[in-house]
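The lines below spell out each chain.
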Amino acid sequence: MKKMRRFVGAQVFGFISFLLLWQLICLALDIRVIPTPAETIKQMLAEPRELVLHAGASVLRVMAAIAVSLAIAVPAGLLLGGNKWFRTLVSPFVYFIYPIPKVAFLPVFMLLFGLGNVSKIILMIWIIMFQIMLSVRDGVDSIPGLYFQVMKGFRASSWQTYRYLVLPAVLPHMFTGLRISIGISLASLFFAENYATTYGIGYYILSAWTKMNYPEMFGGILTLGLVGLLLFKGLDALQRKCTPWTAKGR
Amino acid sequence: MRVGMAPFVELTEIGIRLGGKEIFAGMNARLERGVSYALIGKSGVGKSTLLNLIAGYLTPGSGSLTVGGEPVNGPRRGTAFLQQELGLFPWQTVAEAVGMPLRLAGGVTDKKEIANKTAGLLAELGLEGVAGSYPAQLSGGQRQRAALARTLIGEPDFLLMDEPTSSLDAVTKESIQLLVQEQQRKRGATLLFVTHDIEEAVLLGDVIFLLEAGGGLSSRKTADFEGGTAREDIRFYESCIELRQWMNAL
Ligand SMILES: Nc1ncnc2c1ncn2[C@@H]1O[C@H](COP(=O)(O)OP(=O)(O)OP(=O)(O)O)[C@@H](O)[C@H]1O
Ligand SMILES: [Mg+2]
């Protein structure tokens, strides 16, 4: 309980400092492009439904992408870590693709899958998948040989070795991969939502920009920040549940 | 078959090379059922290698190796190997770790029965207070006991231990030694353990094997020592001195 109160206190303190800093910048620059926190929040509260719909559309896209990415990337990462043959075959391809900023593939996906939701979600899958696949592979690589010997000593089947050794060992790495890729995927979604979108927080920000409605634009930016915060906090909570033995979990 | 006469463990003309280096050549040894063997010898002579061979983790290049009358190929049901680095998994609580071998073996499938058996053994080894703790939250002695519990839960008839107390302080060491002795005697299991500790060898070993480079084994019964073999015995240290003299003479 005490811990909880201190946690909430820290969050509130952080938020207030952020607003103060923002206010100071407004005062110092005194230009219309940067509205004050008060103006922005007033604008956000004026049409909350609209903002929630836009943010919700973005969150749904990210969630869908995460779900599909996990379904593909975890097995692929396990194979990459556990199967020499698969590794030799796939590694060069992975290393070639990995350093390319994935947003660069957006035009390709739009040509292949149209301008709608599918291409946006596939772009994010493309981003998240590689990160998670590599994290999971590194996770498998980092399992001490001794642990496999222990399982062998207990005459574990390969399914049991996955269940009791490989999967739990990989879980914290998977969370690390998710944490990295959520940041990148939000950034990329912002770009992707420029095209053929009616709902999405990226679209909301850019259309406010073209309308030169700066409080609205900042409201969007603030919301994007909140969405990110929500996703990260959600991920933290999930990790605490799933990996109680790690420092993050405890 | 000469079942009654056959030794529990028999190594005949065993040879093995590791990384191009000959470790043993023409090694012979016999272990009787229910007896406790201390394996001593200089660092690097191959004590761990011998344990790994008998455990079925390594395959000899030549010769034959049987345990319980059966040739060893891979880990045998009934042989439990406690390695020096323990190999407790960071993601398993003590109770989970100790229950795992039962789940792996598949003989006991009832969750309640597994929980009961685990709780019973934890209580026996003084671990009931830390059943829900992760290895990182345990002291060295608790960790050692947890790993010991994990090797004992499957009721093995053959215990292999590589320096089971080498990382412990003097007091904890004694408690673990007593625990090992008590469990081995109670279960009538055969014990083969590696140690660098003369006192431990005299205390826990019925027979002491002295291993020399190349695989030469000499043995002595501790009962034949002039002094006692129990720590309470004032002449315990005479036996230790005798062992030391024997080691130095060879
Ligand atoms: N995988 C390996 N490849 C090559 N050489 C090895 C390998 N494992 C062990 N050796 C060598 O085999 C010899 C015996 O090693 P082993 O670990 O069995 O010794 P030990 O008696 O247990 O030593 P210590 O008392 O230090 O634990 C050593 O010279 C070691 O260098
Ligand atoms: Mg060794």
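Residue numbers restart at each chain and count upward from 1, following the sequence in its written direction. Here the convention is simple: chains get letters from A, ligands get numbers from 1, in the order in which they are written. Reporting of local features is limited, given that this is a predicted model, to residues whose pLDDT is at least 70; pairs of side-chain atoms are given and counted only at 80 or more, and all residues count toward the totals for whole chains, interfaces and linings. Side-chain numbers come from the whole structure's heavy atoms, not from hydrogens or water.

In the nomenclature of an unreviewed UniProt entry, chain A corresponds to ABC transporter permease from the organism Paenibacillus oryzae. UniProt positions are given in the numbering used here, feature names are shortened, and annotations may be inferred rather than shown by experiment. The heading Subcellular location (unreviewed entry) in the UniProt record of chain A holds the text "Cell membrane". As recorded by UniProt, the Sequence similarities (unreviewed entry) comment attached to chain A reads in full: "Belongs to the binding-protein-dependent transport system permease family."

Draft legend 1. Structural detail: the site of ligand 1. Residue and element names in this part refer to chain B. If a single non-hydrogen atom of a residue is within 4 Å of a molecule or strand, that residue counts as near it. As a structural note, the neighbourhood of ligand 1 is formed by 14 residues, with Lys 21, Ser 43, Lys 47, Ser 48 and Thr 49 the closest of them. Between ligand 1 and Lys 21, the relevant distance is 2.6 Å, taken from an oxygen atom to a side-chain nitrogen or oxygen of the residue. What qualifies as a polar contact is a pair of N or O atoms within 3.5 Å, subject to a donor-acceptor requirement within protein and to the restriction that residues adjacent in sequence count only when both atoms come from side chains. In the model, an oxygen atom of ligand 1 is placed 2.8 Å from a nitrogen or oxygen of the Ser 48 side chain. We get accessible surface area from the Shrake-Rupley algorithm with a probe of 1.4 Å; when it comes to residues, only the shown protein chains can shield them. Contact with the protein chains hides 61% of the accessible area of ligand 1, taken as 640 Å² for the molecule alone. Runs of H or I in DSSP of at least four residues are treated as helices and runs of E of at least two as strands, each being numbered from the N terminus. Those elements giving two or more residues to the shell around ligand 1 turn out to be β2 (21-31) and α1 (47-55). By residue number, the principal contributor to the shell around ligand 1 is α1, which donates three residues.

Draft legend 2. View of the sheet that holds strand β6 (residues 79-82) of chain B. Residue and element names in this part refer to chain B. Strand order across the open sheet formed by six strands is β6-β7-β8-β3-β9-β10, with mixed pairing between neighbours. The outermost strands of the open sheet, each flanked by one partner alone, are β6 and β10 (216-221). Going from strand to strand, the sheet's axes swing by 15° on average, the running direction of each strand aside. Paired strands are those between which DSSP finds at least two bridges. When strand β7 (residues 158-162) meets strand β8 (residues 190-194), the two strands line up parallel, connected through five bridges. Bridged to Phe 158 within β8 is Thr 190. Running over the sheet, α1 touches β3 (36-40), β6, β7, β8 and β9 (207-212) and is turned about 150° from β7. Orientation is described by lines fitted to C-alpha atoms, with helices fitted over the stretch in contact, and by angles between N-to-C directions that extend from 0 to 180 degrees. Residues are treated as being in contact if the distance between any of their heavy atoms lies within 4.5 Å.

Draft legend 3. Local environment of the packing of helix α1 (residues 2-29) of chain A against helix α10 (residues 214-242) of chain A. Residue and element names in this part refer to chain A. Close contact between α1 and α10 brings their axes to 15 Å; oriented N to C, the two are set at 155°. Relative to α10, the element α1 lies roughly antiparallel. As α1 packs across α10, the resulting crossing turns out to be right-handed. Counted together, Phe 7, Gln 11, Phe 18 and Trp 22 of α1 and Phe 218, Leu 222 and Lys 233 of α10 form the full contact between these two elements. Of the residues belonging to the contact of α1 with α10, the class tally is five nonpolar, one polar and one charged. Each angle is binned into one of four classes, with values under 35 degrees roughly parallel, values over 145 roughly antiparallel, values of 65 to 115 roughly perpendicular, and all other values oblique. What makes a crossing left-handed is the near helix being turned counterclockwise from the far one by less than a right angle; a clockwise turn instead makes it right-handed. Gly is put with the polar residues, along with every residue not named as nonpolar or charged; the nonpolar set is Ala, Val, Leu, Ile, Met, Phe, Trp, Tyr, Cys and Pro, and the charged set is Asp, Glu, Lys and Arg.

Draft legend 4. Up close: unusual backbone geometry. Phi is positive for A:Arg155, close to 55°, though the residue is something other than glycine. Positionally, A:Arg155 belongs in the loop between α7 (145-153) and α8 (158-192). Of note in this structure, B:Glu13 is not a glycine but carries a positive phi near 50°. Considering the arrangement of structural elements, one finds B:Glu13 in strand β1 (residues 9-18). Only protein chains enter the area calculation, which uses a 1.4 Å probe; residues under 20% of their type maximum are buried, those over 50% are exposed, and those in between are partly exposed. For B:Glu13, a relative accessible area of 46% gives the class partly exposed.

Draft legend 5. The arrangement of the interface of chain A and chain B in detail. Facing 18 residues of chain A, the contacting portion of chain B comprises 23 residues. Across the chain A to chain B interface the summed buried area is about 2000 Å²; carbon plus sulfur atoms make up 66%. The buried area of a pairing is the accessible area, by a 1.4 Å probe, that goes missing from both parts when the two are put together, added over both. Interface area lost by chain A to chain B is led by A:Phe154, A:Arg155 and A:Tyr164, which between them contribute 31%. One speaks of a salt bridge when a side-chain nitrogen belonging to Lys or Arg is within 4 Å of a carboxyl oxygen belonging to Asp or Glu. Applying the counting rule to chain A against chain B returns zero salt bridges.

Draft legend 6. Seen up close, the domain arrangement of chain B. All names here are of chain B. A domain assignment, automatic or from a database, supplies the domain bounds used here. Partitioning chain B into domains gives domain 1 (1-78 + 158-250) and domain 2 (90-155). The C-alpha-based centres of domain 1 and domain 2 are spaced at 26 Å. Each side of the interface is counted separately: domain 1 has 14 residues, and domain 2 has 11 residues. For the pairing of domain 1 and domain 2, the buried interface totals around 1000 Å² over both sides, and the portion due to carbon and sulfur atoms is 63%. Taken as a group, Leu 179, Gln 183 and Arg 187 account for 39% of the area that domain 1 buries against domain 2, more than any other trio of residues on that side. For the interface between domain 1 and domain 2, the tally reads one salt bridge. Seen at the junction of domain 1 and domain 2, the total is four residue pairs in polar contact (both at pLDDT 80 or more). Elements with a minimum of two residues in the side of domain 1 that touches domain 2: β7 and α5 (170-187).

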